[in-house]
Amino acid sequence: MTAILQLGAIEWVFFAYFIVIYFVYGMLNVFAVFRIRRYLEINEFTASENVFSSLDIPVSVIIPAYNEEASIVTSVRAMLQVEYPDYEVIVVNDGSTDETLQKLVSEFMLQPFPEAYRKRVPCAAVRKIYQSARFSNLRVIDKENGGSKADAMNAGINVCRFPLFCAVDADSILQSDSLRRAVRPFLEDPDTIATGGTVRIANGCTVRGGFLESVALPTNFLALVQVVEYLRAFLYGRMGWAELNAVLIISGAFGVFDKEAVVEVGGYHTTAIGEDMELTLRLHRHFSESGRDYNISFVPDPICWTDAPEDLATLEKQRIRWQHGLGQSLSMHKDLFFNWRSGPVGWLAMPFFLIFELFGPLVELAGYVYMLVAAFNGWISWDVAGIFFGLAIGLGMLLSTGALVLEEMSFHVYPRVKDLLKLFLVAVLENFGYRQLTLIWRIKGLIGWLRGKVPEWGDMKRSASLTSE
Amino acid sequence: MIAAAVTVALTLVLLAYSLGLRIAHILHARDLERLRARCWPIFAEATMHKTCDSQSDLRTLRHFSRIKLLREWCRFRALIRGEKGHAFKQLADDLALLPVARRLLRRRSTGRKLLALQALGFLRDRESLQSIEQLLRHPSVSISITAATALAHIDPKRAIPLIVPMIAKHRSWPRNQVGRILNIAGPAIVTGPLCDAIESSDPEEAAYLLQFYESAALIDMDSLIAKLLVSESDPRLLAAGLKSVRGHIPEVIIKRLAQHKVWYVRMQAARLLGRFGRREDYQILEPLLSDREWWVRYRAAQAITGLPFLGPNALRKLCDRQKDRFAQDMLRQALAEARLI
Amino acid sequence: MTPTVNLDLTMPAFEPLATALVVDDDEDIVYLLRHLLLRDGFIVHTATNGRDARDFIANSKPTDIVIMDLMMPYVSGAELITQIRESRDWKDVPVVVLSGKVTERDVVHAFEIGANDYVTKPYNPQELRARIKRQLALQRRA
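Residues numbered from 1 in each chain as written. Chains lettered and ligands numbered in written order. Predicted model: local features only at pLDDT ≥ 70, side-chain atom pairs only at ≥ 80, totals over all residues. Heavy atoms only, no water.

Topic: the overall build of chain A
Inference 1: In terms of regular secondary structure, chain A is built from 16 helices and 12 strands.
Inference 2: The principal-axis extent of the C-alpha atoms belonging to chain A is close to 75 × 50 × 45 Å.
Inference 3: Per-residue burial over chain A gives 64% buried out of 469 residues.
Inference 4: Sequence-distant contacts in chain A: of pairs separated by 6 or more residues, those separated by 24 or more amount to 80%. (Helix = DSSP H or I, 4+ residues; strand = E, 2+ residues; numbered from the N terminus. Buried < 20%, exposed > 50% of the residue type's maximum accessible area, 1.4 Å probe, protein only. Contact = heavy atoms within 4.5 Å.)

Written out as structure tokens, the structure reads:
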């Protein structure tokens, strides 16, 4: 232990980095514990509400679709069966080159609808609008390809009729109460302008007709690791930040927004890489600058399940994109940093994301390399290097297992005790190899963003469990 | 090495803790299932009888934890209504659940308090009225709204005049739950206090209160609304007022509001005229089809499409006759929505 | 949960061997309805989602009555009613809707597409029983 006292400045930087990052994560974990406990105590009395009146807020669900012929009919059908008193579904066909539109037309008996279209937020030209003869609350917008999901979302915003809109990915798998749970913050706090929900990994689960039927762990190791990653990111990444009203991302896979608030800030940014984070930051910026009370909330219930990539190449592309989007969004809204009006967003969350999420991988990798080199050359003792690696990896394990404890306290999503043990094993193993791998991908994304290179989309390979039916 | 050992040890502690939680969860679920299998048939049976005399059944239930029994009783009670005709409530008396609920009300935990409030409401426990009334001002939203719900169950005549003035101040009370409270009390009790509150609050609060009109008696509100529409100028209140009209209000009032400078007032006027469906109002509606605001045109077009004296052919002709392109587009959309073209 | 049924002979039972289909995604409600119908001598079929109900309707002999919710996963209550009214065998089966939707518009819509009666949640079990009885009597007269 005395070795620690003889450290030089460089070593201290790396030690300090790890100590600070884990301290913040630890604090977020504590916030999340309190928030979830409070939420669960109340949840028991509100979860089973099944009486609806005209006082519930109607919602427009917007599903952007680009070349989704295999799954679009199932996802739309699922959306039409969601348990919610008053809502409409708007599918935006973003100039698909496959049979997406034709599939929709024949399945839902779509007929051309003479919509008095008005453009409130920018998007590519709309070709035609259809309404279903079978479901009067289903409309399909056929538009020119705008090159981004954001562009399609904006077209949906232009035609939706209700005060709230819900952004859903065409391949998101929902539960029948997803919408009801996500809308609750709007009822409980009139200043709410957006809410997100916990996204979980669908690989391994049984999905029928676009709904989740039973939950199980995936068999693929990469997917398993992502289960733990998502638990960490959502259960206490976002729950913790929500406690400070500093949620920086409402996931594009499932989020509910106040339409007028989004129109006020100009809709989605059509060329941003991470359009979901960009929009969330823009909302923060606009509302804090105009000095209004607002709340961007988060519900911990698992409400949306998504397909995780099971091969390294796709996963790599996804992570490069994420990192690129993070850099872009943060730099676009750099005005928020330490702005006297921006509160915890500008003073805590954004600096944290900048230092630890965006540039963190660089520091972490440099730390590993430096410690190894230094120990080899005898600049520092192997003991110090050992402590460093023990700390870096051990705290990582602690963090992941902390997320599992939180999950165990709250939702018990994975039914078998065996699943729990498996997740623990994964939480330990991910620190040897996987974590370092994502580190390199994230650095690639960071460099890509710094050089202004546009990242490519990974072609998602669907796992078998999802394509059935 | 010590650092590594500590983190590994801590990780193991967390693992053990999770396993403990999981085991507790499984045991709890099993226990609950056993309890349910026992008590639900007895509960269901009680709803079919005027009195219940199944003492032998109850004896088996007495082995279970009172709190769990109370929770199941509440859960079942939430499914049904009309307790006068059957013996379900009597079951709670036979099982001595009331003292349990009263005791839980004094607990600090939010969960316990909520359960107690729900139960005392269902049990209509007048003795707890005062302690529940104090909880109306509790900082936790879920406790205060559940307390309000309980009061509406126990003594609506006393509770509603107390609760209604709080509604506009307590915006964190979810609207749908407020609506439910007013529904429990019923229009006969709600109308008076609601009208009083609307008349005595500022325009913004009055506009908020008006959305609960559905829970109040209908005719009494119309005269109040007509009065507000003449005397008030806050556009939000005017729009909320127009939205809440149930019967009829004088034409002059609407005519004036259909030309109001704020668009959502014009929109609500158009909507209301559509509901009236009177021939003479058509003259007011048609100009709104060319309004500069999309929503006003939309509601006006919907209103015109629904007019009882215009058949599909007349409507289609009307649409072709429009000189303003915006009016024509909107009318065509409304016709399509009504499946008339 | 397996219900234990104590047939109460003092209560007037329906004709023996009447059949009912109960569809609701709330298992508590299905349980309660099943119990109530069983004690009146019904043979009860249950489904906790719209798709199972749809399959049942497509493949089975019609029951004497259907009691169902409107909002359910996979296939909605409205679609089920339409399916029943368009089915050759099932088209005359009375449908009692038991729903948490309480607005006028929802009630009117349910009747428009072919529901015979509409009861809102929470409901009075004895009232529901009386309504079921009335629908069966009307059916028999027809």
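What about the confidence of the model for chain B?
Inference 1: Residues at a pLDDT of 70 or more form 94% of chain B, whose mean pLDDT is 87.
Inference 2: This prediction of the complex comes with two scores: 0.87 for pTM and 0.83 for ipTM. (pLDDT = per-residue confidence, 0-100.)

A look at the nonpolar core
Inference 1: Phe165, Phe254, Phe257 and Leu283 of chain A are the most contacted members of the largest nonpolar core, which has 157 residues in total.
Inference 2: Shared between two domains, this core holds at least three residues of each, these being domain 1 (2-20 + 354-455) and domain 2 (56-352) of chain A.
Inference 3: Apart from residues lying up to four places away in sequence, Phe254 of chain A is in contact with Cys166, Ala167, Val168, Leu174, Ser178, Leu179, Ala182, Gly196, Gly197, Ile303 and Cys304 of chain A.
Inference 4: Counting residues in hydrophobic clusters, the runner-up holds 146 residues, among them Leu117, Leu273 and Leu335 of chain B together with Ala18 of chain C. (Core = buried A, V, L, I, M, F, W, Y, C linked by side-chain atoms within 4.5 Å. Domains from an automatic or database assignment.)

Quick word on the side chain of His284 of chain A
Residues and elements named next belong to chain A.
Inference 1: Structurally, His284 can be placed in helix 9 (residues 275-289).
Inference 2: A relative accessible area of 0% places His284 in the buried class.
Inference 3: For His284, the side chain forms a polar contact with the side chain of Tyr294, separated by 2.7 Å. (Polar contact = N/O pair within 3.5 Å; in protein donor to acceptor, adjacent residues only side chain to side chain.)

Some points on the domain arrangement of chain A
Residues and elements named next belong to chain A.
Inference 1: Segmentation of chain A into domains returns domain 1 (2-20 + 354-455) and domain 2 (56-352).
Inference 2: On a C-alpha basis, the centroid separation for the pair domain 1 and domain 2 is 30 Å.
Inference 3: Each partner contributes to the roughly 3,500 Å² buried at the junction of domain 1 and domain 2, and carbon and sulfur atoms together form 74% of this total.
Inference 4: By the criterion of area lost to domain 2, the three top residues of domain 1 are Tyr414, Tyr434 and Trp441, representing 20% of everything that side buries.
Inference 5: The interface formed by domain 1 and domain 2 includes three salt bridges. (Buried area = accessible area lost by both parts, 1.4 Å probe. Salt bridge = Lys/Arg side-chain N within 4 Å of Asp/Glu carboxyl O.)

What to know about the pairing of strand 1 (residues 59-65) of chain A
All names here are of chain A.
Inference 1: A large share of strand 1 lies buried, amounting to seven of its seven residues.
Inference 2: Pairing analysis gives seven bridges linking strand 1 to strand 2 (residues 87-94), with the strands arranged parallel. Note on strand 2: the bridge partner recorded for Ile63 is Val91.
Inference 3: Between strand 1 and its parallel partner strand 2, the chain crosses via helix 3 (residues 72-80), and the hand of that crossover is right-handed.
Inference 4: Inspection of the sheet shows strand 1 paired to strand 6 (residues 164-168) by four bridges, in the parallel sense. Looking at the pairing, Ile62 lines up with Ala167 of strand 6. (Pairing = 2+ DSSP bridges. Right-handed = clockwise from strand over helix to strand, strands pointing away.)

Let's talk about the interface of chain C and chain B
Inference 1: Contacts between the two partners involve 22 residues from chain C and, on the opposite side, 19 residues from chain B.
Inference 2: For the pair chain C and chain B, the two sides together bury roughly 1,900 Å², of which 57% comes from carbon and sulfur.
Inference 3: The salt bridge partner of Glu45 of chain B is Arg39 of chain C, with a shortest N-O separation of 2.9 Å.
Inference 4: If you look at where chain C meets chain B, you find five residue pairs in polar contact (both at pLDDT 80 or more).
Inference 5: Secondary-structure elements contributing two or more residues to the side of chain C that touches chain B are helix 1 (27-39) and helix 5 (125-141) of chain C.
Inference 6: With seven residues, helix 1 of chain C is the single largest residue contributor to the side of chain C that touches chain B.
Inference 7: Here the residues of the side of chain C that touches chain B are counted per class, giving nine nonpolar, six polar and seven charged. (Nonpolar A, V, L, I, M, F, W, Y, C, P; charged D, E, K, R; others polar.)

As for unusual backbone geometry
Inference 1: Residue Pro122 of chain C is bonded to the preceding Lys121 of chain C through a cis peptide linkage, with omega at -10 degrees.
Inference 2: Structurally, Pro122 of chain C can be placed in the loop between strand 5 (117-120) and helix 5.
Inference 3: At Asn67 of chain A, a residue that is not glycine, the phi angle is positive and equals roughly 50 degrees.
Inference 4: By secondary structure assignment, the location of Asn67 of chain A is in the loop between strand 1 and helix 3.

Comments concerning the pairing of strand 5 of chain C
All names here are of chain C.
Inference 1: The pairing of strand 4 (residues 95-99) with strand 5 spans four bridges and is parallel. Across the sheet, residue Ser99 finds its bridge partner in strand 5, namely Thr120.
Inference 2: For the segment spanning strand 4, helix 4 (residues 104-113) and strand 5, crossover handedness is right-handed.

Some remarks on the packing of helix 7 (residues 221-243) of chain A against helix 10 (residues 312-332) of chain A
Residue and element names in this part refer to chain A.
Inference 1: As a packed pair, helix 7 and helix 10 sit with axes 11 Å apart at the nearest point and diverge in direction by 25 degrees. In terms of orientation, helix 7 and helix 10 fall into the roughly parallel class. Our pair here, helix 7 against helix 10, has a crossing hand that is left-handed. Residue-level inspection shows Leu222, Gln226, Glu229 and Tyr230 of helix 7 in contact with helix 10, the latter providing Leu312, Leu315, Gln318, Arg319 and Trp322. (Axes fitted to C-alpha atoms, helices over the stretch in contact; angles between N-to-C directions. Parallel < 35°, antiparallel > 145°, perpendicular 65-115°, else oblique. Left-handed = near helix turned anticlockwise from the far one by under 90°.)

Here we look at the interface of chain B and chain A
When the parts of a complex come together, some accessible area is lost, and that lost area is often taken as the interface size.
Inference 1: Of the residues lining the interface, 48 residues belong to chain B; the matching set on chain A comes to 46 residues.
Inference 2: Taken together, the two surfaces of chain B and chain A that pack against each other cover about 4,100 Å², and 63% of this comes from carbon and sulfur.
Inference 3: Joining chain B to chain A, the criterion identifies three salt bridges.
Inference 4: For Arg161 of chain A, the salt bridge is made with Glu337 of chain B, and the minimal N-O distance between the two is 2.6 Å.

Description of the environment of Ala403 of chain A
Inference 1: Within the secondary structure layout, Ala403 of chain A lies in helix 13 (residues 382-410).
Inference 2: The spacing of Ala403 of chain A and Ala32 of chain A is 371 residues in sequence and 9.8 Å in space, taken between C-alpha atoms.

Some words on the domain arrangement of chain B
Inference 1: Considered domain by domain, chain B is made up of domain 1 (39-48 + 60-154), domain 2 (155-230) and domain 3 (250-341).
Inference 2: Placing the centre of domain 1 of chain B and that of domain 3 of chain B at their C-alpha centroids yields a distance of 51 Å.

Structural notes on a positive patch on the surface
Inference 1: On the surface, a cluster of positive charge is made up of Arg59, Arg62, Arg66, Arg103, Arg106 and Arg107 of chain B.
Inference 2: Within the secondary structure layout, Arg103 of chain B lies in helix 5 (residues 97-105). (Patch = residues over 30% accessible without salt bridge, like charges linked within 9 Å, V, L, I, M, F, W, Y side chains within 5 Å. Areas by Shrake-Rupley, 256 points an atom, 1.4 Å probe, with all protein chains shown as cover. Lys, Arg positive; Asp, Glu negative; His and termini not counted. Charge placed at Lys NZ, Arg CZ, Asp CG, Glu CD.)

So, the sheet that holds strand 2 (residues 43-47) of chain C
Residue and element names in this part refer to chain C.
Inference 1: Spatial strand order, 2-1-3-4-5: five strands in an open sheet with parallel pairing. The sheet terminates laterally at strand 2 and strand 5, the two strands that pair on one side only. The sheet shows a mean angle of 20 degrees between the axes of neighbouring strands, direction not considered.
Inference 2: Of the pairings in the sheet, the one linking strand 3 (residues 65-68) to strand 4 comprises three bridges and is parallel in character. The residue of strand 4 that forms the bridge with Ile67 is Val96.

Here's the deal with the packing of aromatic side chains
Inference 1: Evaluated as defined, the whole model comprises 39 aromatic pairs over all chains.
Inference 2: Relative to Tyr294 of chain A, the ring of Phe287 of chain A has its centre 5.8 Å away and its plane inclined at 45 degrees; by these criteria the two rings are tilted.
Inference 3: Here Tyr294 of chain A falls in the buried class, since its relative accessible area comes to 13%.
Inference 4: Ring geometry for Trp294 of chain B against Tyr298 of chain B: centres 5.0 Å apart, planes inclined by 35 degrees, an arrangement best described as tilted. (Phe/Tyr/Trp six-rings, centres within 6.5 Å; stacked < 30°, edge-to-face > 60°.)

Regarding the pattern of salt bridges
Side chains bearing opposite charge may pair, as long as their charged atoms lie close to each other.
Inference 1: Applying the stated criterion to the full structure yields 57 salt bridges over all chains.
Inference 2: For Arg77 of chain A, the salt bridge identified is with Glu79 of chain C, shortest N-O distance 2.9 Å. Here the residue Arg77 of chain A occupies a position in helix 3, and Glu79 of chain C occupies one in helix 3 (residues 77-86), the pair thus bridging two chains. Pair check on accessibility: Arg77 of chain A and Glu79 of chain C agree, each one buried.
Inference 3: Across the pair Asp329 of chain B and Arg325 of chain B runs a salt bridge whose closest N-O atoms are separated by 3.2 Å. Residue Asp329 of chain B and its partner Arg325 of chain B are located together in helix 20 (residues 325-337), separated by four residues, close to a single helical turn.
Inference 4: A single salt-bridge network, built from bridges that share partners, covers Glu88, Glu115, Arg139 and Arg161 of chain A together with Glu337 of chain B.

Comments concerning the environment of Pro250 of chain B
Inference 1: Secondary-structure assignment places Pro250 of chain B in the loop between helix 14 (235-244) and helix 15 (251-257).
Inference 2: Sequence spacing of Pro250 of chain B and Leu288 of chain B is 38 residues, and the spatial spacing of their C-alpha atoms is 19 Å.

What about a nonpolar patch on the surface?
Residue and element names in this part refer to chain A.
Inference 1: On the surface, Leu365, Val369, Val373, Trp379 and Ile440 cluster together into a nonpolar patch covering about 440 Å² of accessible area.
Inference 2: Here the nonpolar patch takes three residues from helix 12 (residues 360-376), the largest share from any one element.
Inference 3: Topologically, Val369 is positioned in helix 12.

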